[in-house]
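# Chains, contacts and geometry: an overview
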Amino acid sequence: MSPARPGPGGPGGGRPLVAGNWKMHLNHLEAIAHVQRIAFSLGRRECEQVEVAVLAPFTDLRSVQTLIDGDRLPLAYGAQDVSAESEGAYTGEISAAMLARLGTRYVLVGHSERRARHGEADATVAAKAAAALAHGITPIVCVGEPLEVRAAGDHLAAVSDSLRHSVRGLDPAALGKLVCAYEPVWAIGTGQVAGPEDAQQMAAALRAVLTDLGAAGPGRLLYGGSVGPDNAAELLAGPDVDGLLVGGASLDAARFAAIVRAAAAPPGG
Ligand code: PGA
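Nothing here was measured: the structure is a model prediction, and the numbers come from that model. (Residues numbered from 1 in each chain as written. Predicted model: local features only at pLDDT ≥ 70, side-chain atom pairs only at ≥ 80, totals over all residues. Heavy atoms only, no water.)

### Description of the pairing of strand S2 (residues 51-55)
Across the five residues that make up S2, a large majority, five, are buried. Judged by which residues are buried, S2 turns out to be covered on both faces: Glu 51, Ala 53 and Leu 55 on one side and Val 52 and Val 54 on the other are all buried. Sheet analysis places S2 next to strand S3 (residues 76-79), joined by three bridges and oriented parallel. The residue bridging Val 54 from the neighbouring strand is Tyr 77, located in S3. (Buried < 20%, exposed > 50% of the residue type's maximum accessible area, 1.4 Å probe, protein only. Helix = DSSP H or I, 4+ residues; strand = E, 2+ residues; numbered from the N terminus. Pairing = 2+ DSSP bridges.)

As structure tokens, then:
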């Protein structure tokens, strides 16, 4: 049996966040059915103990908003990217103001797939995080090392440095509310998962970066990379790990619900 979570109470605010990153999956009709399945699969207790969010493609957001608001589902939703610009001649971009108008609570910034495929550097990520915050949206700032950096043993320094640059310019209040996701690139979609000690060690290092930068609160630190129902509880057992960012497993409502259940404290715990 996987170890039960000791109960809410990590530095990042107590209530773990489990966010499902759908990536480029599910059109808006599929999204509606999927959110309904997730909601039906979860009990009230789990949704009170765990903050559950879905991070959907832009074209799904209006449908997801209408469903969650209309049926008062205890789920949050967010986007997977945002423009650093506020408005103007930026063909194909979506602004933070547009996302805010849709009630978007979270937005991923600097996911490794965007860093690798769209050339997003830390400075761009910082600008996107600032744009989101300016519109009341909490950025989920993603950082993580490739395999060669891990193999060389440089991962703590490299990822800490990347976070430092990815949040440059944010004020202490913003830093204190930030969500940061550590996603080792070698663990994303590979079935290879960092050990719970690795996840905890990195979470503590990233929290120290936020503290060092003068954050007015603890922030929230997530682990991502091949998270599933079988490893969720042990990954969350680290005192600095405040939640999980789930890719592939979030596309299966039953598996995603099982991860949320694993993140909830045991009954009476
Ligand atoms: P994965 O993806 O859970 O499929 O590894 C995680 C992510 O990229 O956010």
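Alright, that's what it looks like, and here's the rest.
### Some words on the site of the ligand
If you check the shell around the ligand, you find 13 residues, and the closest are Lys 23, His 111, Glu 183, Gly 189 and Ser 226. Contact distances for the ligand include 2.7 Å between an oxygen atom and a side-chain N or O atom of Glu 183. Note that an oxygen atom of the ligand is positioned 2.6 Å from one of the backbone N or O atoms of Gly 189. A total of 280 Å² of accessible area belongs to the ligand in isolation, and the protein chains cover 95% of it. (Near = heavy atom within 4 Å. Polar contact = N/O pair within 3.5 Å; in protein donor to acceptor, adjacent residues only side chain to side chain. Areas by Shrake-Rupley, 256 points an atom, 1.4 Å probe, with all protein chains shown as cover.)

### A look at the confidence of the model for the protein chain
Of all residues in the protein chain, 94% attain a pLDDT of 70 or more, and the chain-wide mean is 94. With pLDDT under 50 throughout, residues 1-9 is counted as low confidence; its partners more than four residues away or in other chains account for 19 contacts. (pLDDT = per-residue confidence, 0-100. Contact = heavy atoms within 4.5 Å.)

### A closer look at the side chain of His 34
The topology assignment puts His 34 in helix H1 (residues 28-41). Overall, His 34 belongs to the buried group, its relative accessible area being 1%. Dropping the residues within four chain positions of it, His 34 is found in contact with Trp 22, Leu 26, Ser 250, Leu 251, Asp 252 and Ala 253.

### Regarding the pattern of salt bridges
Inspection of the entire model under this criterion finds 14 salt bridges. Between Arg 105 and Glu 51 there is a salt bridge, with its nearest N and O atoms 2.5 Å apart. On the criterion of sequence distance, the pair formed by Arg 105 in the loop between helix H4 (96-101) and strand S4 (106-109) and Glu 51 in strand S2 is long-range, its members being 54 residues apart. Taking the relative accessible area as the measure of exposure, Glu 51 reaches 7% and is therefore buried. Here Asp 212 and Arg 164 are joined by a salt bridge, their closest N and O atoms 3.1 Å apart. Of this pair, Asp 212 sits in helix H10 (residues 196-212) while Arg 164 sits in helix H8 (residues 155-166), and the two are 48 residues apart along the sequence. A relative accessible area of 54% means that Asp 212 is categorised as exposed. The partly exposed category is assigned to Arg 164, whose relative accessible area is 30%. The network of salt bridges with shared partners includes Asp 81, Arg 114, Glu 120 and Lys 128. (Salt bridge = Lys/Arg side-chain N within 4 Å of Asp/Glu carboxyl O.)

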